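Coordinate inspection notes
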Amino acid sequence: MAPPSADHRHATRVTASHVTAGFVAVLVGYTSSAAIIFQAAAAAGATPAQIGGWLSALGLAMGVTSIGLSLRYRQPILTAWSTPGAALLAVSLPDLPLSEAIGIFVFSAVLILICGITGWFARLMQIIPQSIAAAMLAGVLLRFGLDAFGSLNGDFVLVSSMFLTYLAAKRWQPRYAIVLVLMAGLGVAGVLGEIDTRQAQLIVSVPHWIWPTFSLSSLIGVGIPLFVVTMASQNAPGVATLRAAGYDTPISPLMIWTGLATLLLAPFGAFSVCLAAITAAICMGPDVDPDADRRYPAAICAGGFYLLAGLFGGSIGTLFDALPQSLVLAVAGLALLSTIGGSLHRALLEPHQREPALITFLVTGSGVTLFGVGAAFWGLVAGMLALLVAPKSRPA
């Protein structure tokens, strides 16, 4: 995709759909995995104040990188923490001192920085065809679409009202469909008494510096797996999401900046800052703006919400617990419908790549985890193997 002209960039303005997409992306990111961050920090022996500091440092890192990179490239570049990485830490840190955990974060950040400086990761991503990348993205997002409609079982009135609002909005106000869905969901949930703010508290968190210490056994046993999981389960799908949406952002600078942000804030608990995939897709769909060159303000808005979330890191869990889970699932799934459909279309477009792309989609959508590495990576592996052995296309 050619970079937008200077006149085009200056004409771009923030709209309600940008703000809503940014808010939904952050909402989905935090509600889907903030609890895992709490578990990982607690496993490392962090105090409640330090856990709030971890979330504050992560919010700051993700906010600054999302805003800075989106402004720099005029493309919707959203960063996130590594949820698989957090899950890995939650089961790997209980027997380690907190200072060694910080050392692991620093070590992993240095490895990511090296990947960016050398360009190794960018060269690897150039090998993957767009059909395989799009199929992987569709597989990653499949769970969100299924969960949105699966939540009808537990909260039929709320979710069905949101779905009907979505259908009506797509007919008459497609650009503001998700805005209206979110408003309808909050209204119906409020009427039904499903929004519970009794336990919510606003607490301003201050990150706590912890000097890192290094142990060869912990760096090999936890640091290298954290690096591999972050690159395979987060950065690879993140790049695929950008490519599947038609954006040509250079990959190595993204690795350098996310690695550098992690390195600088690791002593405060920012264990991983990487490219987002699922939440980034929310900011890249046609519902945000029909013109792909005008979607990047959504990622900038998400960065602003990240900064707010970082400021109140200690109270994030209680605030998001106030919303019914079915509302979050429905908003996420409906917001991603266009992206899922577009990804499937691109994945199955080339006849000779159709079966490898389908294999990629099914393996990724299965959610299989092998050796601590998530399904997105194994979907890529399976699809690329299928593509290698598939018969070459023949002229008609």
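Scroll up for the structure.
What counts, and where the lines are drawn
- Residues numbered from 1 in each chain as written.
- Predicted model: local features only at pLDDT ≥ 70, side-chain atom pairs only at ≥ 80, totals over all residues.
- Heavy atoms only, no water.
- Core = buried A, V, L, I, M, F, W, Y, C linked by side-chain atoms within 4.5 Å.
- Buried < 20%, exposed > 50% of the residue type's maximum accessible area, 1.4 Å probe, protein only.
- Helix = DSSP H or I, 4+ residues; strand = E, 2+ residues; numbered from the N terminus.
- Contact = heavy atoms within 4.5 Å.
- Disulfide = S-S within 2.5 Å.
- Expected span 1.5 Å × (residues − 1).
- Salt bridge = Lys/Arg side-chain N within 4 Å of Asp/Glu carboxyl O.
- Bend = angle between axes of the 7 residues up to and from the residue.
- Phe/Tyr/Trp six-rings, centres within 6.5 Å; stacked < 30°, edge-to-face > 60°.
- Axes fitted to C-alpha atoms, helices over the stretch in contact; angles between N-to-C directions.
- Parallel < 35°, antiparallel > 145°, perpendicular 65-115°, else oblique.
- Left-handed = near helix turned anticlockwise from the far one by under 90°.
- Nonpolar A, V, L, I, M, F, W, Y, C, P; charged D, E, K, R; others polar.

Thoughts on the nonpolar core
Counting 113 residues, the largest nonpolar core has Leu78 and Phe105 as its most contacted members. Among the elements that take part in this core, helix α10 (residues 216–244) stands out by supplying eleven residues, more than any other. Among residues more than four places away in sequence, those in contact with phenylalanine 105 are Trp54, Leu89, Leu226, Thr262, Ala266, Gly269, Ala270 and Phe271.

Observations concerning the state of the cysteines
By definition, a disulfide is the covalent link that joins the sulfur atoms of two cysteine residues. Per the counting criterion, the structure on display carries zero disulfides. There is no disulfide at cysteine 301, and the cysteine sulfur nearest it, in cysteine 283, is 8.4 Å away. Residue cysteine 301 is classed as buried on the basis of its relative accessible area, which comes to 14%.

Considerations on helix α13 (residues 296–311)
The terminal C-alpha atoms of α13, which comprises 16 residues, lie 23 Å apart, in line with the 22 Å expected from a rise of 1.5 Å per residue. Within the sequence span of α13, burial applies to Tyr296, Pro297, Ala298, Ala299, Cys301, Ala302, Gly303, Tyr306, Ala309 and Gly310.

With respect to the pattern of salt bridges
On inspection of all chains with the given rule, the structure shows one salt bridge. Here arginine 294 and aspartate 291 are joined by a salt bridge, their closest N and O atoms 3.5 Å apart. Overall, the relative accessible area of 25% leaves arginine 294 in the partly exposed class.

A look at α10
Here α10 spans 39 Å end to end across 29 residues, near enough to the 42 Å set by a 1.5 Å rise per residue. Approximately 30 degrees is the largest bend angle found in α10, and it occurs at methionine 231. The element α10 is largely enclosed, with a buried count of 21 among its 29 residues. Count one or two residues on from α10 and you reach glycine 246, which has phi positive near 95 degrees.

Here we look at the packing of aromatic side chains
Taken as a whole and assessed by the stated rule, the structure comprises six aromatic pairs. With a centroid separation of 5.5 Å and 85 degrees between ring planes, the pair formed by tryptophan 54 and phenylalanine 105 is classed as edge-to-face. Here phenylalanine 105 lies in helix α5 (residues 98–118) and tryptophan 54 lies in helix α3 (residues 48–73), a separation of 51 residues in the sequence. Tryptophan 54 sits in the buried class, given a relative accessible area of 1%. With a centroid separation of 6.1 Å and an interplanar angle of 55 degrees, the aromatic rings of phenylalanine 105 and phenylalanine 271 are classed as tilted. Within this pair, whereas phenylalanine 105 is found in helix α5, its partner phenylalanine 271 is found in the loop between α11 (251–265) and β2 (274–275), the two being separated by 166 residues in sequence. Neither residue differs from the other here; phenylalanine 105 and phenylalanine 271 are each classed as buried. Every member of this aromatic cluster is reached through a ring pair, and the members are Trp54, Phe105 and Phe271.

What to know about the packing of α3 against α13
It is at 7 Å that the axes of α3 and α13 come closest, and there the two elements cross at 160 degrees. In terms of their interaxial angle, α3 and α13 are classed as roughly antiparallel. The way α3 lies across α13 gives a crossing that is left-handed. When α3 is examined against α13, the residues Leu55, Ser56, Gly59, Leu60, Met62, Gly63, Val64, Ser66, Ile67, Ser70 and Leu71 are found in contact with a partner set consisting of Tyr296, Ala299, Ile300, Gly303, Gly304, Tyr306, Leu307 and Gly310. Partitioning the contact of α3 with α13 into residue classes produces eleven nonpolar, eight polar and no charged.

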